[in-house]
Amino acid sequence: MEKVFFEIVNAVEEAKKQGPLVGSWTNFVTIEFVANVQLATGGRAAMCFLPDETGPLAAISGATYINMGTLQPIAAESLPLAAKAAVELNKPWVLDPVAAGLGDTRNSIIKELKKYPPAIIRGNASEIISLANLWGLVSAKGNVEGVDSTDSVEAAASAAAELAEFTKGTVAVSGEADLIINSEKAYRITGGSEMLKSITGAGCSLGGLMAVYAAVTDPFTAALAASLAFKYASESAQKNTAGTASFRTAFIDNLSLPDTEALVEYAKKHLKETNL
Amino acid sequence: MEKVFFEIVNAVEEAKKQGPLVGSWTNFVTIEFVANVQLATGGRAAMCFLPDETGPLAAISGATYINMGTLQPIAAESLPLAAKAAVELNKPWVLDPVAAGLGDTRNSIIKELKKYPPAIIRGNASEIISLANLWGLVSAKGNVEGVDSTDSVEAAASAAAELAEFTKGTVAVSGEADLIINSEKAYRITGGSEMLKSITGAGCSLGGLMAVYAAVTDPFTAALAASLAFKYASESAQKNTAGTASFRTAFIDNLSLPDTEALVEYAKKHLKETNL
Amino acid sequence: MEKVFFEIVNAVEEAKKQGPLVGSWTNFVTIEFVANVQLATGGRAAMCFLPDETGPLAAISGATYINMGTLQPIAAESLPLAAKAAVELNKPWVLDPVAAGLGDTRNSIIKELKKYPPAIIRGNASEIISLANLWGLVSAKGNVEGVDSTDSVEAAASAAAELAEFTKGTVAVSGEADLIINSEKAYRITGGSEMLKSITGAGCSLGGLMAVYAAVTDPFTAALAASLAFKYASESAQKNTAGTASFRTAFIDNLSLPDTEALVEYAKKHLKETNL
């Protein structure tokens, strides 16, 4: 078995075995979905919002997930403290720059987070471009429309590369084919179900799962494993369901019952190293 | 086919085709349910809470949904900005005056929103009466008990008419039979499942769906289409499910797979024009 | 039938019959789940967060549920007002001291709530120990890890007894076997499904259900009935489901369709009075 497949399977299995605690600040729309995906895949989920708690939670967590959707005013205080604690303790944290560019408060918090480079950045193409712009790494602005991307993954490739270079970390651009990149290598993952767009929280829970895996393996493998698991679980779910709520149930069920052999077969077809 | 049926079917189909973005401020209890109903029916959902974001989100949205449940202090700033942006840009917004009358903070925000008349008001009977009272249009107070109505749809009919007159918009009173009214016409929609009372968010997601349809058709048709779709999807769901969680899943599934022919047949039985 | 079984069945049936309103302040992760469990079991659910609403909501509710997860700054004002209103009106309230001990803000709110003794305290072992410590009743500190307990129910027994003594109320420690105790008696409830750990909100919704039953019976019976219903519904759900999301659906379905005869049979096997 190719080394990358082995590492992915290992991440999926170790999460189930170790049950890592992952602390999250995440948006109110999909917070339960994120927690349920983290729990389904073996992680333990805890969320908090108070400025005197995000740091302590990051300190006891194996990894931290920060999702910028539905920000509250207190985020300006709480989020940098979580990121700071993670970085100072050498623990990975995952940034999901939801709706980057939408407003000044959001943008100034995002800029502040630049001081504490995340191990993984995950977003749609527009968010990745916007983040790279806000951090002064590119001059293009992403066309964020609410939480939706109007840019293609391809269009975000150079912004992703700049972010990976700056953070010395991994950047995952979600789309029809996901792009996972760090300063040394890049993979594309095809497949997955279109129905993920018909339920809320697919992106958020993908980021949340990356944090679970980042607690048990290196960030690049964590991002690969989570993206692949999502593509596979969603494609399988779509085969057996028609309505969007049944699809959502089947999707989480699939994540909770990983068939690692089937996952490797799926990876052989859908995971490809790529040049940038 | 009667014109109203044609318009309803058109709304349901156009939402699926156009995928309109709907920005929402909505309560934390049912925020995911609202988003999932909006996505299931073709809309794209985005939620935000910061004062410097509700206006910009309204500006890029086809319609805006404001639900007053579980208010936070920041609502006093953020909500009027969303409503103002929508009105100034001539975009429809939907007001769901959850728990109108419960407390002074809530009531003063509701009064402030009077400056920016919504295209659609949707509530239960008690909320509609309370809203009309808070806006100085009637003297009766609704008997809001938490989020539940203790008044009948009938009792709210004149308050609904006053509100429709004042806003030059549509008012939808939800209950055993929904009442949809503007200054020119009124319809009643019967049917639907009692089980909607056993899951949280039926009213909220109905308001959220009206916003999706309001982005692709006129407000009156949007309210009719959403109410009818809810009655039909819930009645169908109840036929095949016994437990409340399975019902919830089947309900969203039905909304995501609209059978417009069956919807028209259902409308012929359950949708009636009425005099007031 | 033993008296305790009769009282439990009575609570389950009265909740369905009376439909008591329960006001809750609860965390954002599981707020919808809590509401759906309350509705599935016959209660009516309402949540609010503003300081001028928590008291009024408690006043119109049959019982109040306060869950300390994902606190916001406003909690310092709002939570004592809810508890105060409930106590002054002689209405039961249920405290779920999630993550007690995590941070100073949280801990100072918890200390403030000591002034208004709850009718029921429900938590995992670590939370119960931490709460007893924060209230100056024991000197041990619970090992709260995010929201998870690293202490055994056994280790929390004396802290639970001290809390029951202080509040003149009921304390429920959740774990492999639940411990329900007041100053006069104690029961253990075995059984239930391990899969409850793989979905978020099992503890929160258990607390929320205790509040529903506390509105129709005495606090001790309410805690027993809710714990037993959870053990039974989860064990039944696990028999027919493999994935975590299907389990969640079946679990709520089971709660919504109580088979009281089967519940009594289950109680005979799993509910035992115990000495402390």
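Residues numbered from 1 in each chain as written. Chains lettered and ligands numbered in written order. Predicted model: local features only at pLDDT ≥ 70, side-chain atom pairs only at ≥ 80, totals over all residues. Heavy atoms only, no water.

1. Describing the relation of the copies chain A and chain C
With an RMSD of 0.0 Å, chain A superimposes on chain C once it is rotated by 120° and translated 0.0 Å along the axis. A rotation of that kind, with that shift, is consistent with a three-fold axis. The C-alpha atom lying nearest the rotation axis in chain A is that of A:Phe28; the distance is 3.8 Å. Here only 12% of the interface residues in chain A have copies in chain C that are interface residues too; the copies meet through unlike faces. (Least-squares fit on C-alpha atoms with pLDDT ≥ 70 in both. Contact = heavy atoms within 4.5 Å.)

2. What to know about the relation of the copies chain B and chain A
Rotating chain B by 120° about the axis while translating it 0.0 Å along that axis superimposes it on chain A, leaving an RMSD of 0.0 Å. Counting the interface residues of chain B, we find that no more than 15% of their copies in chain A are interface residues as well, pointing to two distinct contact surfaces.

3. Side note on the side chain of B:Thr241
Residue and element names in this part refer to chain B. Position of Thr241 relative to the elements: it lies in the loop between α9 (219-240) and α10 (244-256). Side-chain polar atoms of Thr241 contact the backbone oxygen of Ala237, separated by 2.6 Å. Once you skip the residues sitting within four places of it in the chain, Thr241 turns out to touch Met195, Ser246, Phe247 and Ala250. (Helix = DSSP H or I, 4+ residues; strand = E, 2+ residues; numbered from the N terminus. Polar contact = N/O pair within 3.5 Å; in protein donor to acceptor, adjacent residues only side chain to side chain.)

4. Structural notes on the interface of chain A and chain C
With 26 residues of chain A at the contact, the number on the chain C side is 27 residues. Summing the contributions of chain A and of chain C, the shared interface buries around 2,200 Å²; its carbon and sulfur component is 59%. When the area that chain A buries against chain C is broken down by residue, the three leading residues are A:Glu32, A:Leu50 and A:Glu53, summing to 24%. At the boundary of chain A with chain C, the tally comes to two salt bridges. Here A:Glu53 makes a salt bridge to C:Arg106, at a shortest N to O gap of 2.6 Å. Here chain A is connected to chain C by nine residue pairs in polar contact (both at pLDDT 80 or more). Breaking the side of chain A that touches chain C down by element, the ones donating at least two residues are α2 (31-40), β2 (44-47), α3 (54-60) and α10 (244-256) of chain A. The greatest single-element share of the side of chain A that touches chain C, amounting to six residues, is contributed by α2(A). (Buried area = accessible area lost by both parts, 1.4 Å probe. Salt bridge = Lys/Arg side-chain N within 4 Å of Asp/Glu carboxyl O.)

5. Here we look at helix α11 (residues 260-270) of chain B
Along α11(B), the residues classified as buried are B:Ala262, B:Leu263, B:Val264, B:Tyr266, B:Ala267 and B:His270. Residues of α11(B) that are buried make contact with α1 (3-18), β10 (186-189), α9 and β11 (271-273) of chain B. (Buried < 20%, exposed > 50% of the residue type's maximum accessible area, 1.4 Å probe, protein only.)

6. Observations regarding the sheet that holds strand β11 (residues 271-273) of chain C
Residue and element names in this part refer to chain C. Strand order in this open sheet of nine strands is β2-β1-β3-β4-β5-β8-β9-β10-β11, and the pairing throughout is mixed. The open sheet terminates on both sides in strands that have one partner only, identified here as β2 (44-47) and β11. Averaged over all pairs of adjacent strands, the angle between their axes in this sheet comes to 20°, without regard to strand direction. Judged from the three bridges that link them, strand β10 (residues 186-189) and β11 form a sheet pairing that is antiparallel. Directly across from Arg188, in β11, lies its bridge partner Lys272. Helix-sheet contacts for helix α8 (residues 202-214) involve β1 (21-25), β3 (63-67), β4 (93-96), β5 (120-124), β8 (170-174) and β9 (178-181), and the interaxial angle to β3 is about 165°. (Pairing = 2+ DSSP bridges. Axes fitted to C-alpha atoms, helices over the stretch in contact; angles between N-to-C directions.)

7. What to know about the pattern of salt bridges
Considering all chains together, one arrives at 36 salt bridges over all chains under this definition. Between A:Lys17 and A:Glu14 there is a salt bridge; the shortest N-O distance is 3.2 Å. Placement of both A:Lys17 and A:Glu14 in helix α1 (residues 3-18) is noted, with a separation of three residues, approximately one turn of the helix. Given the relative accessible area of 64%, A:Lys17 is considered exposed. For A:Glu14, a relative accessible area of 16% gives the class buried. The shortest N-O distance in the salt bridge between B:Arg248 and C:Glu32 comes to 2.8 Å. Of the two residues, B:Arg248 is situated in helix α10 and C:Glu32 in helix α2 (residues 31-40); the pairing between them involves two chains. The class of B:Arg248 is buried, set by a relative accessible area of 18%.

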